[in-house]
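Architecture and fold: a report
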Amino acid sequence: MPGPRTGPGGAGRVTLRSDLRASWPDGLAALAVTAALSALIWARINSRASSTATVMPFMADDPDAFLLYFLSQAFGWSALLWAWITVVLGLLLSGPRPARLPLSGPRLERLHRTTSLNTIALIAAHALLFAAELIRHDDNDAADAWYVPVRTALVETFVPGGYGSGTGRIAIPVGQAALYLAIPLGLLFYLRHRIGPKTWRVLHRFVLVVYVLSVWHTLLYGTNVWYDGWFRTSVWLLQLPIAALFLARLLSPARRSERLPALAATPGGGRLPWTARAAGRAVAAAVLVALVAIVVTGRDGGREEPPADTTSTHHHD
């Protein structure tokens, strides 16, 4: 993403404080979406329409007892949606931009930064509410000190390898990796004048890794997309624009120096970068084809939809 222009001596430089002030409308929208998702998740589980009711049927028996869990799920879905928006905006800024966009370049860039900050906040809220749910339903000895369930929940939520149950042994560390990468990668923009624009651009590209980890975490551990079906397929459907924009960004990057003809013309040492970028374009095209196949077939190699009558007793912890 091209950086904002600054005046002499850095005048007009974007700061974290200014972006935090500008992020409140976007943050309010995220909270409104989260509230709506929370109500939708509760209603779907209460009616047993959600896969969560199949994975953990005891939640459908008393949904009001698991409101923290549903709220954590809602924040997780909002975080994924805001991460999707952030990545789309970033790819629009760094690749070929449609001729007609409702926002100018500078406004698009600022929105990209504010959605990034709100994504970090949403991921953190998702994790903290998950920890709160673990504390609330902790079944340790009543004689234990109050801090024992708190410590256990924090270890299970925030320490890689601390969660040792079921799918969470893989899914939780994947989500933790997304959180711990999102924070520095999202905030390094405000230190780009210290680390240098080139270093920042290299590190900023790993934001896409954060998004991939977030999607992976969702598909592994999102009980409402646990089984094959339209809801899970819709998650894959949302990845098609990301893959298409990413491929377009590789084929026609905004920076001329990253284009294949420019790399080929580089005297000495241009062959390796050219080969690497050409291979990246081939991989991106293959990923796009694979995503189309998943959306069309509705199958991604995951769990099959179980029968309506299930005796599953899987517990979320």
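Source: prediction; values computed, not measured.

**As for the pattern of salt bridges**
Applying the stated criterion across every chain yields a total of 7 salt bridges. In this structure, Arg113 engages Asp19 in a salt bridge whose closest nitrogen and oxygen atoms are separated by 2.6 Å. Taken as a pair, Arg113 in helix α6 (residues 105-136) and Asp19 in helix α1 (residues 16-22) lie far apart in primary sequence, 94 residues in all. Taken individually, Arg113 and Asp19 each receive the classification buried, so the pair is uniform in this respect.

**Remarks on the packing of α6 against helix α8 (residues 168-187)**
At a closest axis distance of 10 Å, the pairing of α6 and α8 adopts a crossing angle of 145°. In this structure, the crossing between α6 and α8 has a hand that is left-handed. Residue-level inspection shows Ser116, Leu117, Ile120, Ile123, Ala124 and Phe130 of α6 in contact with α8, the latter providing Ile172, Leu179, Ala182, Ile183, Gly186 and Leu187. Of the residues contributing to the contact of α6 with α8, the split by class is 10 nonpolar, 2 polar and no charged.

**Observations concerning the environment of Arg136**
Note that Arg136 resides in helix α6. You can call Arg136 partly exposed: its relative accessible area is 49%. Residues Arg136 and Phe66 lie 70 residues apart in sequence; the distance between their C-alpha atoms is 9.3 Å. Here Arg136 is in contact with Ala65 and Leu68, once residues within four sequence places are set aside.

**Considerations on a nonpolar patch on the surface**
Nonpolar side chains collect at one region of the surface, where Leu181, Leu191, Ile195, Val202, Leu203, Phe206 and Val209 lie side by side and expose about 520 Å² of accessible area between them. Summarising the element assignment, Val209 is placed in helix α11 (residues 207-221). For Val209, a relative accessible area of 35% gives the class partly exposed.

**A look at the nonpolar core**
Soluble, globular proteins show a tendency: their nonpolar side chains are buried together. Counting residues in each nonpolar core, the largest one holds 43 residues, and the members touching the most others are Met59, Tyr69, Phe70, Phe130, Tyr211 and Ile242. In terms of residue count, helix α5 (residues 67-94) provides more of this core than any other element does, 13 residues in total. When residues no more than four places from it in sequence are discounted, the contact partners of Phe70 are Ser38, Ile41, Trp42, Ile45, Met59 and Pro63.

**Quick word on the packing of aromatic side chains**
Enumeration over the complete set of coordinates arrives at 9 aromatic pairs. Look at Phe130 and Tyr221: their rings are 6.5 Å apart centre to centre, the planes differ by 75°, and that puts the pair in the edge-to-face class. One end of the pair, Phe130, is in helix α6; the other, Tyr221, is in helix α11, with 91 residues separating them in the sequence. The exposure class of Tyr221 is buried, given its relative accessible area of 13%. Both rings, one in Tyr163 and one in Tyr221, keep their centres 6.3 Å apart while their planes meet at 85°; by these two values the pair is edge-to-face. With Tyr163 in the loop between α7 (147-158) and α8 and Tyr221 in helix α11, the pair connects residues that are 58 residues apart, well separated along the chain. Of the two residues examined, Tyr163 and Tyr221, each falls in the buried class. Taken together, the ring pairs connect Trp77, Trp230 and Phe231 into an aromatic cluster. The positively charged end of Arg303 is found above the aromatic ring belonging to Trp226, 3.8 Å away from the centroid.

**Notes on empty space enclosed by the protein**
One way to see where empty space is left: roll a probe the size of a water molecule over the atoms. In this structure the tally under the stated criterion is 3 cavities of 30 Å³ or more. Considering only enclosed or pocket space, the largest cavity measures out at about 480 Å³ in volume. As for the largest cavity, its lining consists of 25 residues, and the residues nearest its centre are Gly76, His126, Gly175, His217 and Tyr221. Sorting the residues of the lining of the largest cavity by element identifies α5, α6, α7, α8 and α11 as the ones contributing at least two each. Examining the composition of the lining of the largest cavity, we find that 8 residues originate from one element, α5, more than from any other. A per-class count over the lining of the largest cavity returns 13 nonpolar, 12 polar and no charged. One number sums up the size of the second largest cavity: a volume of about 270 Å³. Every element with two or more residues in the lining of the second largest cavity is listed here: α5, α6, α8, α10 (197-204) and α11. For the lining of the second largest cavity, the leading source of residues is α6, giving 7 residues. Across the lining of the second largest cavity, the residue classes break down as 14 nonpolar, 7 polar and 1 charged.

Reading the values: the criteria
- Counting restarts for each chain, with residues numbered from 1 along the sequence as it is written.
- Confidence filtering applies because this is a predicted model: local features only for residues at pLDDT of at least 70, side-chain atom pairs given and counted only at 80 or more, and all residues used for totals across whole chains, interfaces and linings.
- Hydrogens are left out, water is left out, and the side-chain values use all remaining heavy atoms of the structure.
- Only one rule defines a salt bridge in this text: a Lys or Arg side-chain nitrogen within 4 Å of an Asp or Glu carboxyl oxygen.
- Helix and strand definitions here come from DSSP, where helices need a minimum of 4 consecutive H or I residues and strands a minimum of 2 consecutive E residues; each element is numbered from the N-terminal end.
- Each residue is placed in one exposure class: buried if its accessible area under a 1.4 Å probe, protein chains only, is under 20% of its type's maximum, exposed if it is over 50%, and partly exposed if it falls in between.
- Note on definitions: angles span 0 to 180 degrees between N-to-C directions of axes, and those axes are lines fitted to C-alpha atoms, for helices only across the stretch in contact.
- In this scheme, a crossing is called left-handed if the near helix is turned counterclockwise away from the far one by less than a right angle; it is called right-handed if the turn is clockwise.
- Contact criterion: two residues are considered in contact whenever any of their non-hydrogen atoms come within 4.5 Å of each other.
- Three classes are used: nonpolar for Ala, Val, Leu, Ile, Met, Phe, Trp, Tyr, Cys and Pro, charged for Asp, Glu, Lys and Arg, and polar for all others, with Gly counted as polar.
- Patches here are clusters of residues that have more than 30% relative accessible area and form no salt bridge, with a 9 Å joining cutoff for like charges and a 5 Å cutoff for nonpolar side chains (Val, Leu, Ile, Met, Phe, Trp, Tyr).
- What sets the accessible areas is the Shrake-Rupley method with a 1.4 Å probe; for residues, cover comes only from the shown protein chains.
- Only buried Ala, Val, Leu, Ile, Met, Phe, Trp, Tyr and Cys residues count toward a nonpolar core, and they belong to the same one when joined by side-chain atoms within 4.5 Å.
- Ring geometry is summarised as follows: Phe, Tyr and Trp rings, the Trp one being its six-membered ring, pair when their centres sit within 6.5 Å, and such pairs are stacked at plane angles under 30 degrees, edge-to-face over 60 and tilted between the two.
- Think of it as a cone above the ring: NZ of Lys or CZ of Arg counts as a charge over the ring if it is within 6 Å of the ring centre and within 35 degrees of the ring normal.
- Here a cavity denotes a set of grid points, spaced 1 Å apart and computed over the protein atoms alone, in which a 1.4 Å probe fits but from which it cannot get out, and a pocket denotes an open set meeting protein on both sides within 12 Å along at least five of seven lines; residues with an atom within 4 Å of a point are reported as lining.
- Grid points are joined across faces, edges and corners, and a volume is the space filled by probe spheres set on the points.

Limitation: the analysis is restricted to geometry and does not speak to function.
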